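Here is what each chain is made of, one letter per residue.
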Amino acid sequence: MTVTDEAPVGGGTPRSGEALVELADVQKWYGQLHVLQDINLTVSRGEVVVVIGPSGSGKSTLCRTINRLEPVDSGRILVDGSPLPQEGKALARHRADVGMVFQSFNLFAHKTILENVTLGPIKVRKQSKAEAETRARELLERVGVAHQADKYPAQLSGGQQQRVAIARALAMEPKVMLFDEPTSALDPEMIKEVLDVMVDLAERGMTMIVVTHEMGFARTAANRVVFMADGRILETADPETFFSNPESDRAKDFLGKILKH
């Protein structure tokens, strides 16, 4: 896995002020539980936003609403200026534009690594098998698992499977990538290899929204840190400001607990 010399470094100024993902007054309930409260967030094209906060704060739900894996009760979400489709082919096209990498790798166990990565481009993007396979091999090379193309997911380590999941999402040529705690199911020695791929994506200008507990990634790769607690966004700041001088007591308490370990 190599990082291109000419790539701009993550953590700097976003490449464009153009809004790519917009959430306005988003509300989400699970029964009596108000899991997303008055969420307003705009992510610019080329920006890396890292969402952190205590467990149960609504981070993963926020991520999943952008892909409409979770419908919202009110408010609006726009991706590249368009509201989220409700269902059907329009929703499938939307999900093709919004790549998602989950905590669990969600690879198809009965398909080879190459087949996992080519399935979406062939079925949704209507690419030819040859075109899809050429692109898939390029992406598997980029994430460092090209030599595993003919194996099945169970034959790979967790870190390798997660890198395949990233390649699979990238094969759809998404406008934005969502990462929902992508390293939390991995052994410690595998975390770095996945984070290295994500840092490389950030440096290449991919728009990313990342829910993670990896504070090192937030410090080095994020343009902005969003801190959530109890279903609300309590604070938004650049990494240096957030980690050195958090404003809210909840953020100070959260950082005090996690940065001691």
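- Per an unreviewed UniProt entry, the protein carries the name ABC-type polar-amino-acid transporter and comes from Nocardioides albidus.
- What UniProt records for the protein under Sequence similarities (unreviewed entry) is the sentence "Belongs to the ABC transporter superfamily."
- UniProt's Subcellular location (unreviewed entry) comment on the protein is quoted here verbatim: "Cell membrane".

1. Looking at the overall build of the protein
Move 1: A count of helical and extended segments in the protein gives nine helices and 10 strands.
Move 2: Compactness check: the protein gives a C-alpha radius of gyration of 18 Å against a globular reference of 18 Å for 261 residues, within 12% of the reference.
Move 3: Projected onto the principal axes, the alpha-carbon positions of the protein cover approximately 55 × 40 × 35 Å.
Move 4: Classification of the 261 residues of the protein by burial places 52% in the buried group.
Move 5: Considering only residue pairs separated by 6 or more positions, the protein has 69% of its internal contacts joining residues 24 or more positions apart.
Move 6: Here the protein displays about 12,200 Å² of accessible surface, and carbon together with sulfur accounts for 48% of that area.

2. Quick word on the side chain of Thr212
Move 1: With respect to the helices, strands and loops of the structure, Thr212 is situated in the loop between strand 8 (207-211) and helix 7 (215-221).
Move 2: In this view, Thr212 contacts Val50, Val51, Ile52, Thr183 and Phe217; residues no more than four positions away in its chain are not counted.

Reading the values: the criteria
- Here the residue numbers are simple positions, counted from 1 along each chain's written sequence.
- A pLDDT threshold of at least 70 governs which residues receive local features in this predicted model, and a stricter bar of 80 or more applies before side-chain atom pairs are shown or counted, although totals over entire chains, interfaces and linings include all residues.
- Side-chain numbers here rest on the full set of heavy atoms in the structure, without hydrogens or water.
- UniProt positions are given in the numbering used here, feature names are shortened, and annotations may be inferred rather than shown by experiment.
- Helix numbers and strand numbers start at the N terminus; a helix is a DSSP run of H or I with at least 4 residues, a strand a run of E with at least 2.
- We compute the radius of gyration over the C-alpha atoms and compare it with the globule rule, which gives 2.2 Å times the number of residues raised to the power 0.38.
- Relative accessibility under 20% of the residue-type maximum defines a buried residue, over 50% an exposed one, and the middle range a partly exposed one, all with a 1.4 Å probe and only protein chains included.
- Here, residues are in contact when the closest pair of their heavy atoms is within 4.5 Å.
- Using a 1.4 Å probe, the Shrake-Rupley method yields the accessible areas, and only the shown protein chains count as cover for residues.

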